[in-house]
Amino acid sequence: LMNHAQTGRLSQNRVARATSFDALADSLDIEQSLTKLESVQASFVVVGAGDEDLNGQWQKLGDGSYCRIVDSTALATWNSQAKQWQMFYGDVVKYRLLVDSQKVGKEAPNEIPPISDDWEIVNGDGPAPVTSAIDVHRSQRPLFF
């Protein structure tokens, strides 16, 4: 038979082991998440937007569609009817990028023009964002996503 002091020590050891195991599992989950995040290839970066939820690195989802790497609520999509890029947060168009309709689809009707940094405010806060390409030759990634 064990006395009360021995039983208490055994319980504390089990709790300590369980807590250590949980901490190790959490550390592994965080490490895997960071590894996955670092493997994402950014297409461009948005800076200076008055709507700060749109600032950061963006990745390509498909033809004419991008999302912010850490917040897929932030979207940029090509609207072929309006001939403009639209930057959303949720369901709200915050900014738009008009494209000269004379240039769109002249050679290839389904061609999607590249994103530039001439964004206009629609329902967003000023200033309008600036977009820039990611320098693939840079040895270090920016610190923000």
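In this text the structure is predicted, and so the values were computed from the model without any measurement.

## Section: the overall build of the protein
- The number of helices and strands found in the protein is 1 helix and 8 strands.
- Across the protein, helices and strands are ordered from the amino to the carboxyl terminus as α-β-β-β-β-β-β-β-β.
- Counting only residues that meet the buried cut, the protein has 28% of its 145 residues in that class.
- Here the analysis covers contacts within the protein between residues at least 6 apart in sequence; of these, 44% occur between residues at least 24 apart.
- Accessible area of the protein: about 10000 Å², with a carbon and sulfur share of 51%.

## Here we look at the nonpolar core
- One finds Leu54, Trp58, Trp85 and Met87 to be the most contacted residues of the largest nonpolar core, which totals 15 residues.
- Contributing elements (two or more residues each) for this core: β1 (44-47), β4 (71-79), β5 (84-89) and β6 (92-98).
- Among the elements that make up this core, the one with the highest residue count is β4 (3 residues).
- Of all hydrophobic cores here, the second largest spans 5 residues; its members include Val40, Val45, Ile69 and Ile134.

## Brief notes about unusual backbone geometry
- A cis amide bond links Gly126 with the next residue in sequence, Pro127, at an omega value of 0 degrees.
- The topology assignment puts Pro127 in the loop between β7 (120-121) and β8 (130-133).
- One non-glycine residue, Lys83, adopts positive backbone phi at about 55 degrees.
- Judged by relative accessible area, which is 28%, Lys83 ranks as partly exposed.

## Some points on the pattern of salt bridges
- Here the structure, examined in full by the defined rule, presents 3 salt bridges.
- Between Asp51 and Lys94 there is a salt bridge, with its nearest N and O atoms 3.5 Å apart. On the criterion of sequence distance, the pair formed by Asp51 in the loop between β1 and β2 (56-62) and Lys94 in strand β6 is long-range, its members being 43 residues apart.

## Examining the sheet that holds β6
- Strands sit in the order β7-β6-β5-β4-β3-β2-β1-β8 across an open sheet of 8 strands; the sheet is antiparallel. Looking along the sheet, the strands with just one partner apiece sit at the ends: β7 and β8.
- Bridging between β4 and β5 involves 6 bridges; their strand directions are antiparallel. Bridged to Asn79 within β5 is Gln84.

## Here we look at the confidence of the model for the protein
- Residues with a pLDDT of 70 or more make up 61% of the protein, whose mean pLDDT is 79.
- In this model, residues 137-145 is a region of pLDDT below 50 whose contacts with residues beyond four sequence positions or in other chains number 16 contacts.

## Looking at the packing of aromatic side chains
- Taken as a whole and assessed by the stated rule, the structure comprises 4 aromatic pairs.
- Ring geometry for Phe44 against Trp58: centres 5.7 Å apart, planes inclined by 15 degrees, an arrangement best described as stacked. Pair noted here: Phe44 is in strand β1 and Trp58 is in strand β2, with a separation of 14 residues, a long-range link. Taken as a pair, Phe44 and Trp58 share a single burial class, namely buried.
- Members of the aromatic cluster, each reached through a chain of ring pairs, are Phe44, Trp58, Tyr66, Trp78 and Trp85.

Rules used throughout
Residues numbered from 1 in each chain as written. Predicted model: local features only at pLDDT ≥ 70, side-chain atom pairs only at ≥ 80, totals over all residues. Heavy atoms only, no water. Helix = DSSP H or I, 4+ residues; strand = E, 2+ residues; numbered from the N terminus. Buried < 20%, exposed > 50% of the residue type's maximum accessible area, 1.4 Å probe, protein only. Contact = heavy atoms within 4.5 Å. Areas by Shrake-Rupley, 256 points an atom, 1.4 Å probe, with all protein chains shown as cover. Core = buried A, V, L, I, M, F, W, Y, C linked by side-chain atoms within 4.5 Å. Salt bridge = Lys/Arg side-chain N within 4 Å of Asp/Glu carboxyl O. Pairing = 2+ DSSP bridges. pLDDT = per-residue confidence, 0-100. Phe/Tyr/Trp six-rings, centres within 6.5 Å; stacked < 30°, edge-to-face > 60°.

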